[in-house]
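# Close look at the chain arrangement
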Amino acid sequence: MNFINGLPELAEMKLVIFDCDGVLIDSEGLSKRELLTMLRELGVNISDAYFEAHFLGHSFEHVTAKICEDFALTLPATFRPEYQKALIRAFTAELKTTSGLTEMLDKLAIPCCIATSSSPTRVSHAMSVTGLDRYFAPHIFTSSEVKKGKPAPDLFLHAAKKMGVKPEFCLVIEDSPAGIQGAKAAAIQVIRYAGASHMQQWRGPNANLTDDVTTIEEWQELYMLAPNLSSITNTRGKRG
């Protein structure tokens, strides 16, 4: 067996753990729009940089706690249900998968699951609207199932255990710094997906990359990095 940085090579992977928002679904722009609209109505104006630094990849509980702390604000009891309603409406009308996702999933030769900071209600609706439930149900794990969400390693370790795969043989696909930090903390290999609409800063020759995480901008690049993960490659190899 070959190793990279103490972990097995991608060809040895037995499970792919996908984040959901910003990876499987192009949802971060919708979530940001609805959240910032509601906060402006309460007199809170948040910059793009603040949103990306403190909210991207985190649970709703983390987000609201951060808002209350930094802006000395007590959110009304209706804030969360109203936000969920607004987001469900936006998802129903506008949500799409990331480009080329289903073509990649159709070729994936190993099991996969989801590990997301989203609520069970939100991710369930997203799966239904986009048709992704046929790829992932019932292997969908949310931060509500662990004590600490991302950037802690708990959720990824929970997903690996539920799927019966040792962490060192898992591959995480993430977009957010919090998710990447969580995967690293779990000693799981991680690839950054930068193909969603909110990830422009991570794309192209001038990408703002300050870490050693491999970044892909298109799903087909996954099989360029690890051809053995593709069922087509495996089938060709067996026939040859």
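Residues numbered from 1 in each chain as written. Predicted model: local features only at pLDDT ≥ 70, side-chain atom pairs only at ≥ 80, totals over all residues. Heavy atoms only, no water.

Moving on to the packing of helix α4 (residues 79-94) against helix α6 (residues 120-130). Running from amino to carboxyl end, α4 crosses α6 at an angle of 10°, the nearest separation of the two axes being 10 Å. Taken together, the axes of α4 and α6 lie roughly parallel to each other. Crossing hand, α4 versus α6: right-handed. Contacts from Tyr83, Leu87, Ile88, Phe91 and Thr92 of α4 reach α6 at Arg122, His125, Ala126 and Val129. When its residues are assigned to classes, the contact of α4 with α6 shows 6 nonpolar, 2 polar and 1 charged. (Axes fitted to C-alpha atoms, helices over the stretch in contact; angles between N-to-C directions. Helix = DSSP H or I, 4+ residues; strand = E, 2+ residues; numbered from the N terminus. Parallel < 35°, antiparallel > 145°, perpendicular 65-115°, else oblique. Left-handed = near helix turned anticlockwise from the far one by under 90°. Contact = heavy atoms within 4.5 Å. Nonpolar A, V, L, I, M, F, W, Y, C, P; charged D, E, K, R; others polar.)

A few words on the nonpolar core. Ranked by internal contacts, the top residues of the largest apolar core, which has 53 residues, are Phe18, Phe136 and Ile173. Sorting elements by how many residues they give to this core places helix α1 (residues 28-41) first, with 5 residues. Listed in part, the 21 residues of the second largest apolar core include Leu15, Leu155, Val190 and Val213. (Core = buried A, V, L, I, M, F, W, Y, C linked by side-chain atoms within 4.5 Å. Buried < 20%, exposed > 50% of the residue type's maximum accessible area, 1.4 Å probe, protein only.)

So, on to the sheet that holds strand β8 (residues 214-216). The 6 strands lie next to each other as β5-β4-β3-β6-β7-β8, forming an open sheet whose pairing is parallel. Strand pairing shows two members of the sheet lacking a second neighbour, β5 (140-142) and β8, which therefore form its edges. Sheet twist, expressed as the mean angle between neighbouring strand axes with direction ignored, is 25°. As judged from the 3 bridges shared by strand β3 (residues 15-18) and strand β4 (residues 112-116), these two strands associate in the parallel manner. Residue pairing in the sheet places Val16 in a bridge with Cys112 of β4. The strands that helix α8 (residues 154-163) touches are β3, β4, β5 and β6 (170-174); relative to β4, the one it contacts most, it runs at about 150°. The strands touched by helix α9 (residues 177-185) are β6 and β7 (189-193); relative to β7, the strand with the most contacts, the crossing angle is about 165°. (Pairing = 2+ DSSP bridges.)

What follows deals with the side chain of Thr116. Position of Thr116 relative to the elements: it lies in strand β4. Take Thr116: its relative accessible area is 1%, and that puts it in the buried class. If we ignore the near neighbours within four places in the chain, the residues touching Thr116 are Asp19, Cys20, Asp21, Val123, Phe141, Thr142, Ser143, Lys150 and Leu155.

So, on to the pattern of salt bridges. As enumerated under the stated definition, the model contains 10 salt bridges in all. A salt bridge links Asp19 to Lys150, with the nearest nitrogen and oxygen atoms 3.0 Å apart. With Asp19 in the loop between β3 and α1 and Lys150 in the loop between β5 and α8, this pair connects stretches of sequence that are 131 residues apart. Classification of Asp19 as buried rests on a relative accessible area of 4%. With a closest N to O distance of 3.1 Å, Lys184 and Asp212 form a salt bridge. Of this pair, Lys184 sits in helix α9 while Asp212 sits in the loop between β7 and β8; the two residues are 28 residues apart in sequence, bridging distant segments of the chain. (Salt bridge = Lys/Arg side-chain N within 4 Å of Asp/Glu carboxyl O.)

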